[in-house]
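# Structural features, examined
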Amino acid sequence: MIGGFLRPATIPQLDEDDPLPPEDRVVRTSLALDDLYRVHGPRLLRYFSRRADRQDAGDLVHESFVRFANSDACRERAIECPEAYLNQIATNLLRDRAKSAVQRSLASHIAADDVPLAGPDLVAALEARDKLNRLHTALMRLKPKTREIFLAHRLDGLSYKQIAERSGLSVKGVEWHMTKAIDHLDRVLRR
């Protein structure tokens, strides 16, 4: 046992005809890994729970120990500080997950220029054209003075006071013409 970790022994391959060795000759290499899991597993679980989805934390701990057990360093020699080695494996696992998430995101990304836009809504266009025609017809049916005041206010953005000064009417007179125009247009557009 070196540094708290047993070096795994190589297990010879047995043929089906070979008898099993006596129980005292079976080498227990998983004992050291069990001990490491018992000692460092809860700490890694907390580590992953804080940095990844909680439901994935257990899988990440398991994957860390699988990578640890399958690593060349673990097979070739005893690891002096398995805790640091497990920490590095855990960090690399999270990095790998982040990289693959970015790659998946980029793979599913579609440029805005490549997305076909929906064609114009022909029904809406026809309704808008019809509404404009009705509005134009209704405006043309207004008395010229009322139409002029309405357009000066709504299109030119003039205030009632400015329209009153231009047309020689009082502000109340401008309000009267605006009320007449709005009522007439409202009736026509409701039909």
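Let me sum up the structure you'll find in this document. (Residues numbered from 1 in each chain as written. Predicted model: local features only at pLDDT ≥ 70, side-chain atom pairs only at ≥ 80, totals over all residues. Heavy atoms only, no water.)

## Structural notes on the overall build of the protein chain
To be explicit about the condition: Secondary structure counts use DSSP, requiring at least four H or I residues in a row for a helix and at least two E residues in a row for a strand, with both numbered from the N terminus. Buried means the residue's accessible area, taken with a 1.4 Å probe over protein chains only, is under 20% of the maximum for its type, while exposed means over 50%, and partly exposed covers the values in between. Note on contacts: a residue pair qualifies if any of its non-hydrogen atoms lie within 4.5 Å across the two residues. Only the protein chains shown count as cover for residues, and all accessible areas are computed by the Shrake-Rupley method using a 1.4 Å probe.
The number of helices and strands found in the protein chain is eight helices and zero strands. N-terminal to C-terminal, the α/β element order of the protein chain is α-α-α-α-α-α-α-α. In the protein chain, which comprises 191 residues, the proportion classed as buried is 24%. When contacts within the protein chain are restricted to residue pairs at least 6 apart in sequence, those whose partners lie at least 24 apart make up 60%. A total accessible area of about 14,500 Å² is found for the protein chain, and carbon and sulfur atoms account for 53% of it.

## Notes on helix α8 (residues 171–190)
Rules: For a helix, the expected span equals 1.5 Å multiplied by the residue count minus one. Read the arc as the range of directions from the helix axis to the C-beta atoms.
Between its terminal C-alpha atoms α8 stretches 28 Å, which fits the 28 Å expected from 20 residues at 1.5 Å a residue. Burial in α8 covers these residues: Gly173, Val174, His177, Met178, Ala181, His184, Leu185 and Val188. Around the axis of α8, the buried residues are gathered within 135° of arc, so they sit on the same side. α8 presents Lys172 and Arg190 as exposed residues on the side facing more than 90 degrees away from its buried surface. Here the buried face of α8 lies against α5 (122–141), α6 (144–154) and α7 (160–167).

## Quick notes on the nonpolar core
Just so we agree on the cut-off: Among the buried residues, those of types Ala, Val, Leu, Ile, Met, Phe, Trp, Tyr and Cys that are joined through side-chain atoms within 4.5 Å form a nonpolar core.
Formed by 18 residues in total, the largest nonpolar core has its most connected members in Leu44, Phe48, Leu60, Phe65, Phe68 and Leu94. When contributions to this core are tallied by element, the ones reaching two or more residues are α1 (30–51), α2 (54–70), α3 (72–76) and α4 (82–108). Residues in contact with leucine 44, not counting those within four places in the same chain, are Val61, Ser64, Phe65, Leu86, Asn87 and Ala90. Core analysis: the next-biggest nonpolar cluster, separate from the first, contains 14 residues, Ala152, Leu158, Val174 and Val188 among them.

## Things to note about the pattern of salt bridges
Rules: A pairing counts as a salt bridge when a side-chain nitrogen of Lys or Arg comes within 4 Å of a carboxyl oxygen of Asp or Glu.
In total, this model carries eight salt bridges according to the counting rule given. Residues glutamate 63 and arginine 67 are paired through a salt bridge, measuring 3.3 Å at the closest nitrogen-oxygen approach. Of the two residues, glutamate 63 and arginine 67 both sit in helix α2, four residues apart, roughly one turn of that helix. Residue class for glutamate 63 comes out partly exposed when judged on its relative accessible area of 30%. Residue arginine 67 is classed as partly exposed on the basis of its relative accessible area, which comes to 31%. Glutamate 175 serves as the salt-bridge partner of lysine 172, at 3.9 Å between the closest nitrogen and oxygen. Residue lysine 172 and its partner glutamate 175 are located together in helix α8, separated by three residues, close to a single helical turn. Three or more residues joined by partner-sharing salt bridges are found here, namely Glu63, Arg67 and Asp96.

## What to know about the packing of α7 against α8
Note the cut-off: With axes taken as lines fitted to C-alpha atoms, and helix axes fitted only over the stretch in contact, angles between N-to-C directions fall between 0 and 180 degrees. Angles are sorted into four bins: roughly parallel if under 35 degrees, roughly antiparallel if over 145, roughly perpendicular if 65 to 115, and oblique for all others. Here the term charged refers only to Asp, Glu, Lys and Arg, the term nonpolar to Ala, Val, Leu, Ile, Met, Phe, Trp, Tyr, Cys and Pro, and the term polar to all other amino acids, Gly among them.
Following both chains from N to C, one finds α7 and α8 inclined at 105°, their axes separated by 8 Å at the closest point. Between α7 and α8, the crossing angle belongs to the class labelled roughly perpendicular. Across the interface between the two elements, Tyr160, Lys161, Ile163 and Ala164 from α7 touch Val171, Val174, Glu175 and Met178 from α8. Counted by class, the contact of α7 with α8 contains six nonpolar, no polar and two charged residues.

## Remarks on the packing of aromatic side chains
We count it as follows: Here is the rule: rings of Phe, Tyr and Trp (six-membered ring for Trp) pair when centre to centre is within 6.5 Å. Planes less than 30 degrees apart are stacked, more than 60 are edge-to-face, and the remainder are tilted.
For the structure on display, the rule yields three aromatic pairs. Measuring from ring centre to ring centre gives 5.6 Å for phenylalanine 68 and tyrosine 85, while their planes differ by 70°; the resulting arrangement is edge-to-face. Here the residue phenylalanine 68 occupies a position in helix α2, and tyrosine 85 occupies one in helix α4, the gap between them amounting to 17 residues. On the basis of relative accessible area, phenylalanine 68 is assigned to the buried category, the value being 0%.

## Digging into a positive patch on the surface
The condition is simple: Like charges are joined within 9 Å and nonpolar side chains (Val, Leu, Ile, Met, Phe, Trp, Tyr) within 5 Å, but only among residues with over 30% relative accessible area and no salt bridge; these make up the patches. Residues scored as positive are Lys and Arg, those scored as negative are Asp and Glu, and His as well as the terminal groups of each chain are ignored. In this description, the location of a charge corresponds to atom NZ of lysine, CZ of arginine, CG of aspartate or CD of glutamate.
There is a patch of like positive charges on the surface, built from Arg141, Lys143, Lys180, Arg187 and Arg191. Relative to the helices and strands, arginine 141 is located in helix α5.

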